[in-house]
Amino acid sequence: MPAVLPPDSVGLVIPETLSFDEPLELDSGKTLPRYDLIVETYGELNAARSNAILICHALSGDHHAAGYHSMDDRKPGWWDSAIGPGKPIDTTRFFVVCLNNLGGCKGSTGPTSINPDNGRVFGADFPMVTVNDWVRSQERLMRRLGIAQWAAVVGGSLGGMQVMQWAISFPKALRHALVIAAAPKLSAQNIAFNEVARQSIFADPGFHDGHYLEHNTLPRKGLMLARMLGHITYLSDDAMRAKFGRELRAGKINFGFDVEFQVESYLRYQGASFVDRFDANTYLLMTKALDYFDPAGAFEHQLSRAFAATEAEFLVTSFTTDWRFSPARSHEIVKALLQAGKRVTYAEIESEHGHDAFLVPIPDYMNVFRAYMGRVSSEDATCA
Amino acid sequence: MRVDHAIISDWIAPNSRVLDLGCGDCTLLRELRNSRNTTGYGLEISIDKLAKCVEGGTPVIQANLDQGLSPWFEAQSFDYVIMTHTLQAMRHPEKLLQEMVHVGREAIVTFPNMGYWKNRLQFALGGRMPVTKTLPYGWFDTPNIHLCTVRDFEALCEAQGLRILDREMVDSQLQSRPLMRLAPNLLAETAVYRLAGK
């Protein structure tokens, strides 16, 4: 809890829920007749309505990207390191929009919402959503906000996949695309990790085929395991060694299965606290959205052809110790953009933080990010 | 504009696609964009210099040139591939030259000439590795691991089947003087070449 709000914070923020009545046809063939999107915004939309930035969240993210909901909050929003006055996404220059995606569990329509068809919680009946579905819902949000074109769409990891989809699906609706720590599609290894996470949720006796809320229970152990596995893939070997080593909590080995090593304590804590703030069905949906993402699929598996019609300028960023979406995966994106003759800048940031690095204010990363967003802003000033 | 940059600019046709290897802060690319309306990219290994390119609005790829160009670029995707004062720091200069004329229609290369008389004098009379304004490093901390003379370079081009389309010589003031054309290997401090493949 901050005693006073830091000067580079967006401060106290209040989310807003917007309702959409136009049915959304999903890639799965199902239709959402109506839905809500919960949104936070920071900064002011200028008179030309040309300074809007869309932030796309990753697997466990939400609409609360920056600032605090109350002075009692222990932590600010998930990307507070990059969003605020004087930060790379400078809220004195930009109007920043962040939403919780469909299928989420933080206020947008998702598995924990009431199904209007039968008055019961959706649970497992909530339809599968894809990155493409999200981007189409985000485009409706854009129009609702009276914005014709984003100055930039920005996201890391699964958020970066939404950014690519935006550039492909709505080429004229964004001037800049910032794709951070992402991949053009999941590898077999990525899908394998997701599958183990899902199976651990399914295996929990509290799962009840996804209708656990109706049984007044939660698949706590299963979701906790899934999150523990996720955390292993977010950190690098080096980062884990530096953070925990083989340090023992009690200073000695106890020949038992209670927490002994610090890394066990960390994973259990991360897993347990996640269960309190996240829904297992949402986790399942998000991992499937990751698995399905493959924009080149519709273009004979040639990514450069998928990018052929894009008009945005790209900044692609990767981190050296990220093994979940390694620099080689960003190279695929950059190479496809180069082949398509698009304007692209690529930065490969030295970092020990693994995949988590995209949320860490690493000086080199922040410098490039700030320089790029500075240009987005100055271009906006010249054309406005 | 620096004379070596001016020479390069003169060689470049308007509206062409240009790749600059080891582009630094993208000064040359910005000059070419302004004077020749070029498009294209820089390649740079230093993140600090990359941030400067970003500020100036030039697309730039952070990459290690020792890993070659084939991971990034298709054959003949640029009109010119430029590399100024970087060849001598490459692990495999001969391979990179081949890649340059593969990825680009033409290659433009500048390098410090070890045959320059001041270098020769320091070596012959002082018996020490030359240290000059153009080559300011000690032997132990220099990034310049593959220094050559004008004659060495032309012999390499011959052996590699690279055609020399043009060459210009400049001195330490980056001036081009008529005398240098007579004895380039002795009088030029920096050499500027325009090359093509077979």
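## Side note on the overall build of chain B
Counting secondary structure elements, chain B contains eight helices and seven strands. The principal-axis extent of the C-alpha atoms belonging to chain B is close to 45 × 35 × 30 Å. The burial tally for chain B puts 50% of its 198 residues in the buried class. A separation threshold of at least 6 residues defines the contact pool for chain B, and within that pool the share at least 24 residues apart is 64%. Accessible surface, chain B: about 9300 Å² in total, of which carbon and sulfur atoms supply 53%. For chain B, the distance from the average position of its 21 positive side-chain charges to the average position of its 22 negative side-chain charges is 3 Å.

## Considerations on the environment of Gly24 of chain B
Residues and elements named next belong to chain B. By the secondary structure assignment, Gly24 is in the loop between β1 (17-21) and α2 (27-36). The exposure class of Gly24 is buried, given its relative accessible area of 14%. Note: C-alpha distance between Gly24 and Trp72 (48 residues apart in sequence) is 18 Å. Those residues within four positions of Gly24 in sequence are excluded, and the remaining contacts are Glu44, Lys49 and Cys53.

## Here's the deal with the interface of chain B and chain A
Opposite the 19 residues of chain B that make contact, chain A presents 19 residues. Taken together, the two surfaces of chain B and chain A that pack against each other cover about 1700 Å², and 62% of this comes from carbon and sulfur. The tally of links from chain B across to chain A stands at zero salt bridges. Scanning the region where chain B abuts chain A turns up seven residue pairs in polar contact (both at pLDDT 80 or more). Broken down by secondary-structure element, the contributors of at least two residues to the side of chain B that touches chain A are α3 (47-56) and β3 (60-62) of chain B. In terms of residues, the side of chain B that touches chain A owes the most to one element, α3 of chain B, which gives seven residues. A breakdown of the residues in the side of chain B that touches chain A according to their chemical character gives 11 nonpolar, five polar and three charged.

## Comments concerning the state of the cysteines
Tallied over the entire structure, the rule returns one disulfide over all chains. A disulfide bridge connects Cys26 of chain B with Cys53 of chain B, and the sulfur atoms are separated by 2.5 Å. Residues Cys26 of chain B and Cys53 of chain B share a disulfide whose torsion about the S-S bond is about 95°; that sign makes it right-handed. Residue Cys26 of chain B is found in the loop between β1 and α2, and its partner Cys53 of chain B is found in helix α3; the two are separated by 27 residues along the sequence. Assigned by exposure class, Cys26 of chain B and Cys53 of chain B land together as buried. There is no disulfide at Cys98 of chain A, and the cysteine sulfur nearest it, in Cys56 of chain A, is 7.9 Å away. Residue Cys148 of chain B stays outside any disulfide, its sulfur separated by 9.0 Å from that of Cys157 of chain B, the closest cysteine.

## Remarks on empty space enclosed by the protein
Residues and elements named next belong to chain A. Throughout the structure, instances matching the rule amount to two cavities of 30 Å³ or more. Here the largest cavity is characterised by a volume of approximately 60 Å³. Mapped by element, the contributors of at least two residues to the lining of the largest cavity are α3 (188-202), α4 (220-234) and α7 (280-292). Tallying contributions element by element places α4 first for the lining of the largest cavity, with five residues. Taken together, the residues of the lining of the largest cavity sort by class into seven nonpolar, four polar and one charged. As a volume, the second largest cavity reaches approximately 40 Å³. Forming the walls of the second largest cavity are Ile180, Leu315, Thr317, Ala347, Ile349, Tyr365, Val368 and Phe369. Mapped onto the lining of the second largest cavity, the elements with two or more residues apiece are β11 (313-319), β12 (344-349) and α10 (363-383). Among the elements that take part in the lining of the second largest cavity, α10 stands out by supplying three residues, more than any other. Of the residues assigned to the lining of the second largest cavity, the class counts are seven nonpolar, one polar and no charged.

## Describing the environment of Pro178 of chain B
Looking at the element boundaries, Pro178 of chain B is found in helix α7 (residues 178-182). Considered as a pair, Pro178 of chain B and Gly24 of chain B are 154 residues apart in the sequence and their alpha carbons are 30 Å apart.

## Regarding the packing of helix α4 (residues 93-103) of chain B against helix α6 (residues 150-160) of chain B
All names here are of chain B. Direction vectors running N to C along α4 and α6 enclose 60°, while the axes themselves pass 11 Å from each other. Relative to α6, the element α4 lies oblique. Both α4 and α6 take part in a crossing whose hand is right-handed. Only Phe153, Leu156 and Gln160 of α6 make contact with α4, whose side of the interface consists of Glu94, Leu97 and Gln98. In the contact of α4 with α6, the residues fall into three nonpolar, two polar and one charged.

## So, unusual backbone geometry
Among all residues save glycine, negative phi is the norm, and among peptide bonds the norm is trans. All names here are of chain A. Of note, the phi angle at His208 is positive, near 50°, even though the residue is not glycine. Looking at the secondary structure, you find His208 in the loop between α3 and α4. A positive phi angle is found at His301, which is not glycine, with a value near 60°. Along the chain, the position of His301 falls in the loop between α7 and α8 (303-306). Classification of His301 by relative accessible area gives exposed; the value is 56%.

Reading guide: rules and limits
Residues numbered from 1 in each chain as written. Chains lettered and ligands numbered in written order. Predicted model: local features only at pLDDT ≥ 70, side-chain atom pairs only at ≥ 80, totals over all residues. Heavy atoms only, no water. Helix = DSSP H or I, 4+ residues; strand = E, 2+ residues; numbered from the N terminus. Buried < 20%, exposed > 50% of the residue type's maximum accessible area, 1.4 Å probe, protein only. Contact = heavy atoms within 4.5 Å. Areas by Shrake-Rupley, 256 points an atom, 1.4 Å probe, with all protein chains shown as cover. Lys, Arg positive; Asp, Glu negative; His and termini not counted. Charge placed at Lys NZ, Arg CZ, Asp CG, Glu CD. Buried area = accessible area lost by both parts, 1.4 Å probe. Salt bridge = Lys/Arg side-chain N within 4 Å of Asp/Glu carboxyl O. Polar contact = N/O pair within 3.5 Å; in protein donor to acceptor, adjacent residues only side chain to side chain. Nonpolar A, V, L, I, M, F, W, Y, C, P; charged D, E, K, R; others polar. Disulfide = S-S within 2.5 Å. 1 Å grid on protein atoms, 1.4 Å probe; cavity = no way out; pocket = protein on both sides within 12 Å on 5 of 7 lines; lining within 4 Å. Points joined across faces, edges and corners; volume = space filled by probe spheres on them. Axes fitted to C-alpha atoms, helices over the stretch in contact; angles between N-to-C directions. Parallel < 35°, antiparallel > 145°, perpendicular 65-115°, else oblique. Left-handed = near helix turned anticlockwise from the far one by under 90°.

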